[in-house]
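These are the residues of each chain, in order.
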Amino acid sequence: MKAKNFSEHALLQTKIAVLRDKKTPSPLFAKTLNEISVILCALIGAEIDTVKTTVITPLMRTGALKQKRPVVFVPILRAGLGMLDGFLSLMPGAAVGHVGVERDHATLKPRFYYYKTPPLKGADVWVLDPMLATGGSLDFALAKLKAHMPHALRAVSVIASPEGIAHVEKEHPDVKLYTAVVDNKLNAKGYIMPGLGDAGDRYFNT
Ligand code: PRP
Ligand code: URA
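So, here's what we can say about the structure.

What counts and how
- Residues numbered from 1 in each chain as written.
- Chains lettered and ligands numbered in written order.
- Predicted model: local features only at pLDDT ≥ 70, side-chain atom pairs only at ≥ 80, totals over all residues.
- Heavy atoms only, no water.
- Pairing = 2+ DSSP bridges.
- Helix = DSSP H or I, 4+ residues; strand = E, 2+ residues; numbered from the N terminus.
- Buried < 20%, exposed > 50% of the residue type's maximum accessible area, 1.4 Å probe, protein only.
- Arc of directions from axis to C-beta.
- Contact = heavy atoms within 4.5 Å.
- Near = heavy atom within 4 Å.
- Areas by Shrake-Rupley, 256 points an atom, 1.4 Å probe, with all protein chains shown as cover.
- Nonpolar A, V, L, I, M, F, W, Y, C, P; charged D, E, K, R; others polar.
- Phe/Tyr/Trp six-rings, centres within 6.5 Å; stacked < 30°, edge-to-face > 60°.

Relative to strand β3 (residues 61–67), strand β2 (residues 50–56) runs antiparallel, the two sharing seven bridges. Paired with Thr53 across the two strands is Ala64, which belongs to β3. Linkage of β2 to β3, two consecutive antiparallel strands, is achieved through a turn of four residues.

Below you can see the structure in the form of structure tokens.
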């Protein structure tokens, strides 16, 4: 499994416990998902490509770094929206696209309903979705995005199943996968165990 996980990150894991708790109300769920997203952005941001530039301080010109390529964040609707503000808070210059995919509850297959992104050619695209379960939704979204020729794709989740990681790594070996934690398995209904339930419902109080 090549996906990078941050299960040793103590602060991150205390916040995931808040998301998991069935008693956590939607406003606290949303706030905590936002905080987790800020931490994930900081961790993944350590890997972005940069180029050398200069900056003039009040005292002198000095060397500095700037992002090499434009970044586009693409939350998968709906639950991915809960990660967007956290990522934008650290990288406010990023553009945002949206992909709408929902799982059919009976078949667990992705059902596509929306696509709108800025031009992706040459951009670094970061796909955001807190839950990677069967991997069907992310697989579908990545295939759509690849058709628009981004420079590279990253996918970021909060809780992933081993099955979902294996699915996406098989179909998209070129995509860098990150997750805050890897859980045990999927249950018969395709929910991540122990997981947190339905992320979209808990975020939007539906
Ligand atoms: C959830 C989640 C992922 C998907 C993961 O969305 O946010 O997009 O399920 O499942 P998969 O890996 O098996 O495809 P859902 O379909 O519940 O839609 P929602 O965000 O609108 O609630
Ligand atoms: N989507 C969710 O929101 N939760 C799961 O456990 C699986 C898919």
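Having seen it, we continue.
Attention now goes to the pairing of strand β6 (residues 98–103). As defined by bridge partners, strand β4 (residues 71–77) adjoins β6 across two bridges and the pair is classed as parallel. Following the sheet pairing, Ile76 is matched in β6 by Val99. Hairpin remark: β6 followed by strand β7 (residues 110–116), antiparallel, with six residues in the connecting loop; positive phi at Leu108, about 65°.

All of the buried residues along helix α5 (residues 162–171) are Gly164, Ile165, Val168 and Glu169. Across the axial projection of α5, the buried residues extend over an arc of 125°, all falling on one side. Residues of α5 that are buried in the fold lie against β9 (131–132), α4 (136–146), β10 (152–160) and β11 (176–182).

Attention now moves to the site of ligand 1. In the neighbourhood of ligand 1, 15 residues make up the surrounding shell, with Arg103, Asp129, Thr134, Gly135 and Ser137 lying closest. If ligand 1 stood free it would expose 500 Å²; the protein chains cover 93% of that surface. Breaking the shell around ligand 1 down by element, the ones donating at least two residues are β6, β9 and α4. Its residues assigned to classes, the shell around ligand 1 shows five nonpolar, five polar and five charged.

For the rest of this paragraph, the subject is the packing of aromatic side chains. One pass over the full model with this rule turns up five aromatic pairs. Geometrically, the ring pair formed by Phe73 and Phe87 is edge-to-face, given 5.6 Å between the ring centres and 70° between the ring planes. One end of the pair, Phe73, is in strand β4; the other, Phe87, is in helix α3 (residues 81–90), and 14 residues separate them in sequence. Phe73 sits in the buried class, given a relative accessible area of 0%. You can call Phe87 buried: its relative accessible area is 0%. On the numbers, 5.5 Å between centres and 75° between planes, the contact of Phe73 with Trp126 is edge-to-face. Separated by 53 residues along the polypeptide, Phe73 in strand β4 and Trp126 in strand β8 (residues 124–128) bring together distant segments of the chain.

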